[in-house]
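# Results of the structural survey
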Amino acid sequence: MTLLSTPQARADGIAELKDYLSGLNSLSADFRQITLGADGEQMIESSGTFYLLRPNRFRWDYDTPNEQQIVADGSRIYVHDQDLNQVTHSSQKKILDGTPAQLLASEKPVEDYFELRTLDEGDGRTWIELTPKAEDTEVVKLRIAFIDGQLDTLLMEDRFGQLTRFIFDDLERNPQLDYALFRFERPPGSDFLQAD
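Bear in mind that the values here come from a model prediction, so they are computed numbers and not experimental data.

Attention now moves to the overall build of the chain. Counting its secondary structure elements, the chain contains three helices and 13 strands. With 196 residues in all, the chain has 42% of them scored as buried. In the chain, of all internal contacts separated by at least 6 residues, the share reaching a separation of at least 24 is 47%. Surface exposure of the chain reaches about 10400 Å², of which carbon and sulfur atoms provide 45%. Seen as two clouds, the 20 positive and the 36 negative side-chain charges of the chain have centres 6 Å apart.

Take a look at the structure:
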């Protein structure tokens, strides 16, 4: 991986990211998530559907390998493990620092949260690397890729050296999404655990 050599090329990649975020109101997409350990060995692959409604609302519905739902309603995040019938919930702000969800869901300028630079992977994508400004975040680095101005891939590296890749398919930009999609309803009989 090398940095693009010209200031103009670097600025264009960052401008593409800012342009994409500036007109973004909502997203929906199918996703694949692949997590690699620090040793490069694949640990888990999962898939599902992702929804985003700015500001600060999102939902990940995991279908495989286990059914799980993550819902952010603007103030709290709920993680529902359907196999265990267990819900963990916590304040949204602390958990989101430095994450892809913060990058996409926040309406504040991206440079408020991240240091930005454009990368050249030589794969036809426009890659931007984002380093969180906040200290003590679980995430140490993000990389986001666009193809022809469309979001294609997100990479997230955590402080333990794990790398998680999100690959998006059937992405729809600014669809009409109902606020009800981002309201979490506690399942009957579930364990309800507050994590903060």
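Turning next to the pairing of strand E11 (residues 150-158). Two faces make up the sheet, and in a regular strand the side chains alternate between them. Burial of E11 is extensive: seven of the nine residues sit out of reach of the surface. The pairing of strand E10 (residues 139-147) with E11 spans eight bridges and is classified as antiparallel. Bridged to Ile147 within E11 is Gln150. Where E11 hands over to strand E12 (residues 163-173), the hairpin turn is made up of four residues, of which Gly161 adopts a positive phi near 90 degrees.

It is worth spelling out the confidence of the model for the chain at this point. Mean pLDDT over the chain stands at 89; residues scoring 70 or higher make up 94%. Counting contacts from residues 1-11, a segment whose pLDDT is below 50, to residues more than four positions away or on other chains yields 17 contacts.

A few words now on the pattern of salt bridges. Applying the stated criterion to the full structure yields nine salt bridges. Put simply, Arg32 and Glu45 hold a salt bridge, and the shortest N to O gap is 3.1 Å. Placement of the pair is Arg32 in strand E2 (residues 26-36) and Glu45 in strand E3 (residues 42-53), with a sequence separation of 13 residues. Glu45 sits in the partly exposed class, given a relative accessible area of 36%. Glu129 serves as the salt-bridge partner of Arg117, at 2.6 Å between the closest nitrogen and oxygen.

Time to look at the layout of surface pockets. Counted as a void, the largest pocket has a volume near 1000 Å³. Along the walls of the largest pocket sit 35 residues, with Gln33, Tyr62, Ile70, Met156 and Phe166 positioned nearest its centre. The element contributing the most residues to the lining of the largest pocket is strand E4 (residues 57-64), with four residues. Its residues placed into classes, the lining of the largest pocket shows 17 nonpolar, 12 polar and six charged.

On to a negative patch on the surface, then. A grouping of Asp30, Asp63, Glu67, Asp83, Asp169 and Asp170 is seen on the molecular surface, where their side chains present a negatively charged patch. Along the chain, the position of Asp30 falls in strand E2.

Take the packing of aromatic side chains next. Two measures describe an aromatic ring pair: the distance that separates the ring centres and the angle between the ring planes. Taken as a whole, this structure holds eight aromatic pairs when the rule is applied. Ring-pair connections join several aromatic residues into one group, and the members of that group are Phe31, Phe50, Trp60, Tyr62, Phe166 and Phe168. A cation over an aromatic ring shows up here: Arg173 above the ring of Tyr20, its NZ or CZ 4.4 Å from the ring centre.

All right, on to the side chain of Thr164 then. For Thr164, the location among the structural elements is in strand E12. Accessibility expressed as a relative area gives 7% for Thr164, which makes it buried. Here Thr35 takes part through its side chain, which lies 3.4 Å from a polar atom of the side chain of Thr164.

Tracing the chain through its elements places Gln176 in the loop between E12 and strand E13 (191-194). Judged by its relative accessible area of 80%, Gln176 falls in the exposed class. With 99 residues separating them along the chain, Gln176 and Ile77 place their C-alpha atoms 22 Å apart.

What follows deals with the nonpolar core. Counting 33 residues, the largest nonpolar core has Phe50, Phe58, Trp60, Leu130, Ile144 and Phe168 as the members making the most contacts within it. If we skip the residues at most four places from it in the chain, Phe58 touches Phe50, Tyr51, Leu52, Ile70, Val71, Ala72, Ile77, Leu96, Ala101, Ala105 and Phe182.

Calculation notes
- Residues numbered from 1 in each chain as written.
- Predicted model: local features only at pLDDT ≥ 70, side-chain atom pairs only at ≥ 80, totals over all residues.
- Heavy atoms only, no water.
- Helix = DSSP H or I, 4+ residues; strand = E, 2+ residues; numbered from the N terminus.
- Buried < 20%, exposed > 50% of the residue type's maximum accessible area, 1.4 Å probe, protein only.
- Contact = heavy atoms within 4.5 Å.
- Areas by Shrake-Rupley, 256 points an atom, 1.4 Å probe, with all protein chains shown as cover.
- Lys, Arg positive; Asp, Glu negative; His and termini not counted.
- Charge placed at Lys NZ, Arg CZ, Asp CG, Glu CD.
- Pairing = 2+ DSSP bridges.
- pLDDT = per-residue confidence, 0-100.
- Salt bridge = Lys/Arg side-chain N within 4 Å of Asp/Glu carboxyl O.
- 1 Å grid on protein atoms, 1.4 Å probe; cavity = no way out; pocket = protein on both sides within 12 Å on 5 of 7 lines; lining within 4 Å.
- Points joined across faces, edges and corners; volume = space filled by probe spheres on them.
- Nonpolar A, V, L, I, M, F, W, Y, C, P; charged D, E, K, R; others polar.
- Patch = residues over 30% accessible without salt bridge, like charges linked within 9 Å, V, L, I, M, F, W, Y side chains within 5 Å.
- Phe/Tyr/Trp six-rings, centres within 6.5 Å; stacked < 30°, edge-to-face > 60°.
- Lys NZ or Arg CZ within 6 Å of the ring centre and 35° of its normal.
- Polar contact = N/O pair within 3.5 Å; in protein donor to acceptor, adjacent residues only side chain to side chain.
- Core = buried A, V, L, I, M, F, W, Y, C linked by side-chain atoms within 4.5 Å.

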